[in-house]
Amino acid sequence: MEKKDIDWGSLGFAYQPTDYSYVSNYKDGKWDEGTLTKDHTVTLSECAGLLHYCQEVFEGLKAYTTENGDIVCFRPDQNAQRMHDSAERIVMPPFPVDRFVDAVEQVVKANAAWVPPFGTGATLYIRPLMFATGNVIGVKPADEYQFRILVTPVGAYYKGGVKPVKVQVSQYDRAAPHGTGNIKAGLNYAMSLYPSVLAHKAGYADNMFLDPQTRTYVEESGGANFLFVKKDGTLVVPKSATNSILPSITRRSLVDVAEKMLGMKVEQRQVRFDEIDQFVECGMCGTAAVISPVGEVDNGDQKIVYGMEHVGPVMKKLRETLTGIQSGEIPDQFGWVHKIDVE
């Protein structure tokens, strides 16, 4: 199979249409069989539920070329289950978990020529999404939906090597207490756009959002979960008392790596903002970067510095181990790497 003629090393994180997308429609109480399509456009009624009441959920995962040349995905069943849970929360008919994984396999296989070669740092980003297409005027769930998967090649998150970033504590809230902060819905990201723009203008990579009920505890950033390291090497993972943190698949995987491979002690608990100056490392974790080390957290005049000159040893080891599993350079003892059979 001949790869596309692309300068893989110069790719950024931007949309580029590929050969095929996947589409399935829900109508009359059931999902159709679904199919691959070369049409990358969506036509909607002006009265579609998506446009009025924000019934939309999405996922994000990647396809990689491993060291031995296999094309793989990382834990697609977990993305399938999270999308299932997200859909249920905003009264959408969940796309079946087994069909989600099969659809990912189909669309990656059909676009195998777009999966970047091993060693380039680039990957094929996979974006499943589901939205309401049925007409609604009154405030209620729609009765028709579309599930799609688009794929696009993207470059390495860190082109010049992994470097610590600065974040600021936002004065805004990302989600409401006991709201939709724990699902992957576009409406949550819309909430974070304005504070993200403000953060970027002020020279910060992202925001640190505090809990929306008391503004006492650390929650997450605009698009990633936080991790901390204590002086004794314990990994501390924030939990939410109001269920307003997205359950990150990367975070869950890093916890398993820490406990079961690296022999680390892990605490998953509420983390008070006033205690983070006692930690020695901080990072943000998610699909795009795996771990983005945080060198400084600013809260007005207060500056909590972990170090902008280098990546902390724990974050470095965690990131190298998980990316090594994904690339096939480290044996996958968990069964997380999902091979795509490409003829």
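Residues numbered from 1 in each chain as written. Predicted model: local features only at pLDDT ≥ 70, side-chain atom pairs only at ≥ 80, totals over all residues. Heavy atoms only, no water.

Before going further, it helps to examine the overall build of the protein chain. Counting its regular elements, the protein chain contains six helices and 17 strands. In terms of principal-axis extent, the alpha carbons of the protein chain reach across some 55 × 50 × 35 Å. For the protein chain, contacts bridging at least 24 residues in sequence account for 72% of all contacts bridging at least 6. Approximately 15600 Å² of the protein chain is accessible, and the part contributed by carbon and sulfur atoms is 49%. Charge centroids of the protein chain, computed over 35 positive and 43 negative side chains, lie 3 Å from each other. (Helix = DSSP H or I, 4+ residues; strand = E, 2+ residues; numbered from the N terminus. Contact = heavy atoms within 4.5 Å. Areas by Shrake-Rupley, 256 points an atom, 1.4 Å probe, with all protein chains shown as cover. Lys, Arg positive; Asp, Glu negative; His and termini not counted. Charge placed at Lys NZ, Arg CZ, Asp CG, Glu CD.)

Roughly 980 Å³ of internal volume is contained in the largest pocket. If you trace the largest pocket, you find 34 residues lining it, with Tyr189, Gly222, Gly223, Ala224 and Ala288 closest to the centre. Breaking the lining of the largest pocket down by element, the ones donating at least two residues are strand S7 (123-132), helix H4 (186-201), helix H5 (249-261) and strand S14 (281-286). Here the residues of the lining of the largest pocket are counted per class, giving 16 nonpolar, 13 polar and five charged. Only strand S5 (61-65) and helix H6 (313-327) provide two or more residues apiece to the lining of the second largest pocket. It is H6 that provides the largest number of residues to the lining of the second largest pocket, a total of five residues. (1 Å grid on protein atoms, 1.4 Å probe; cavity = no way out; pocket = protein on both sides within 12 Å on 5 of 7 lines; lining within 4 Å. Points joined across faces, edges and corners; volume = space filled by probe spheres on them. Nonpolar A, V, L, I, M, F, W, Y, C, P; charged D, E, K, R; others polar.)

Below, the discussion takes up H5. The α-helix winds at 3.6 residues per turn, so residues separated by three or four positions along the chain end up facing the same way. Compared with the 18 Å implied by 1.5 Å per residue over 13 residues, the 17 Å span of H5 between its first and last C-alpha is a close match. Burial in H5 covers these residues: Ile249, Thr250, Arg251, Ser253, Leu254, Val255, Asp256, Val257 and Ala258. For H5, the side-chain oxygen to backbone nitrogen distance between the N-cap and Thr250 is 3.2 Å, and the N-cap itself is Ser248. Gly263 occupies a position one or two residues after H5 and carries a positive phi of about 65°. (Expected span 1.5 Å × (residues − 1). Buried < 20%, exposed > 50% of the residue type's maximum accessible area, 1.4 Å probe, protein only. Polar contact = N/O pair within 3.5 Å; in protein donor to acceptor, adjacent residues only side chain to side chain.)

Let us now look at the packing of helix H2 (residues 76-89) against helix H3 (residues 97-110). In a packed pair of helices, the relevant descriptors are the angle between the two axes and the axis-to-axis distance. Packing of H2 against H3 brings their axes to within 9 Å, and their N-to-C directions diverge by 130°. If you check the angle between H2 and H3, you find them oblique. Here H2 runs over H3; the crossing is right-handed. Note on element contacts: H3 touches H2 through Val97, Phe100 and Val101, opposite Pro76, Asp77, Asn79, Ala80, Gln81, Met83 and His84. Across the contact of H2 with H3, the residue classes tally to six nonpolar, three polar and one charged. (Axes fitted to C-alpha atoms, helices over the stretch in contact; angles between N-to-C directions. Parallel < 35°, antiparallel > 145°, perpendicular 65-115°, else oblique. Left-handed = near helix turned anticlockwise from the far one by under 90°.)

The subject of this paragraph is the nonpolar core. Grouped together as the largest cluster of nonpolar side chains are 40 residues, with contacts concentrated most on Val108, Ile126, Met130, Phe147 and Ile149. Ranked by the residues each element gives to this core, the list is headed by H3, at six residues. If near-sequence neighbours (up to four positions away) are discounted, Met130 is found in contact with Trp31, Gln55, Glu56, Val57, Met83, Ala87, Met92, Pro93, Pro94, Phe95, Gln146 and Phe147. Among the nonpolar cores identified, the runner-up in size contains 22 residues, and Leu227, Val237, Val255 and Leu322 belong to it. (Core = buried A, V, L, I, M, F, W, Y, C linked by side-chain atoms within 4.5 Å.)

Read these as layout, nothing more, since geometry by itself doesn't imply function.
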